[in-house]
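Analysis of the macromolecular model
Residue strings, one per chain:
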Amino acid sequence: MTGTGEDEAWMSRALQLARQAAAAGEVPVGAVLVLDGREIGAGFNAPISGCDPTAHAEIRALRDAASRAGNYRLPGATLYVTLEPCTMCVGAIVHSRVSRLVYGAAEPKAGAVESARRTLEEEHLNWRVESVGGVLADQCSSIISEFFARRRADIRRRRQLFSGKE
């Protein structure tokens, strides 16, 4: 299944949020929740700055939307996220009753939609979420790759400074 022009527009918004995460030194993942064509929640990764292991972009967007809606159930909503969600985030998506998930880049190590696991397909779940992957995948993948390349280069520079090699 492929995304639509509307999916690409909302994924572009999620990419803006991912850039905010990167600027804050967080892994650049952004998420936006949309209902009836309007943004009802947004978030970007902040586990480091927030000292909160659950502060993934998806969780923050869900919390924002639930707070605005006055309800933790969000049926009919679509969650756009730049990176395939992990198991924790998939669980939160199911519990919040999001109807549709659209993500950009696959996450081969911890992705719980298609890569490492297929959590949304587990029969015991009491809510079904439609999912679409690969929307603006190149841009979503690039922002993550560039972030980690910069991080590795910084680590190498620091090691050289401390070892006396320049």
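Right above here is the structure, for reference.
Computed from a prediction, not measured in an experiment: that's the story for all the values here. In this numbering scheme, every chain counts its residues from 1 along its sequence in written order. The model is predicted, so local features are restricted to residues of pLDDT at least 70 and side-chain atom pairs to those at 80 or more, both for listing and for counting; the totals for chains, interfaces and linings are taken over all residues. Heavy atoms throughout the structure, all of them, feed into the side-chain values; hydrogens and water do not.

Quick look at the nonpolar core now. Of all hydrophobic cores here, the largest spans 46 residues; its most connected members are Met11, Leu33, Leu79 and Leu101. At the level of elements, helix H1 (5-23), strand S1 (30-35), strand S2 (38-44), helix H2 (57-69), strand S3 (78-83), helix H3 (87-95), strand S4 (100-105) and helix H4 (137-163) are the ones that each hand at least two residues to this core. Labels follow the DSSP assignment, with helices taken as runs of H or I lasting at least four residues and strands as runs of E lasting at least two, numbered in each case from the N terminus. With 6 residues, the single largest contributor to this core is H1. By the convention used here, residues are in contact when the closest approach between their heavy atoms is within 4.5 Å. Excluding its chain neighbours within four sequence positions, the residues that come into contact with Leu79 are Ala31, Val32, Leu33, Glu58, Ala61, Ile93, Val98, Arg100, Leu101 and Val102. To form a nonpolar core, buried Ala, Val, Leu, Ile, Met, Phe, Trp, Tyr and Cys residues must be joined to one another through side-chain atoms within 4.5 Å. Relative accessibility thresholds used throughout: buried, under 20% of the residue-type maximum; exposed, over 50%; partly exposed, between the two (1.4 Å probe, protein chains only).

Right, let's get into the sheet that holds S1. At least two bridges found by DSSP between two strands are what make those strands a pair. Strands sit in the order S2-S1-S3-S4-S5 across an open sheet of 5 strands; the sheet is mixed. Strands at the two margins of the open sheet, each flanked by one partner only, are S2 and strand S5 (130-132). Pairwise comparison of adjacent strand axes, ignoring direction, gives a mean angle of 15° for this sheet. Relative to S5, S4 runs parallel, the two sharing 3 bridges. If you follow Val102 over to S5, its bridge partner there is Val132. In this analysis an axis means a line fitted to C-alpha atoms, helices contributing only their contacting stretch, and an angle means the value between N-to-C directions, from 0 to 180 degrees. Against the sheet, H2 contacts S1, S2 and S3, and its axis sits at roughly 140° relative to S2.

Okay, H4 next. Taking 1.5 Å of rise per residue, 27 residues should cover 39 Å, and H4 covers 39 Å from first to last C-alpha, within 8% of that figure. For H4, the complete set of buried residues consists of Cys140, Ile143, Ile144, Phe147 and Ala153. Expected span of a helix: the number of residues minus one, times 1.5 Å.

Turning next to the pairing of S3. Burial of S3 is extensive: 6 of the 6 residues sit out of reach of the surface. When S1 meets S3, the two strands line up antiparallel, connected through 4 bridges. Opposite Ala31, over in S3, you have Val81 as the bridge partner. Bridge count for S3 against S4 is 5 bridges, and the pairing is parallel. Note that in S4 the partner of Tyr80 across the bridge is Val102. The definition of a right-handed crossover adopted here requires that, viewed with the strands pointing away, the path from the first strand over the helix to the second runs clockwise. Once you follow S3 into H3 and on to S4, the crossover reads as right-handed.

Remember that the coordinates give geometry; whether it matters functionally is a separate question.
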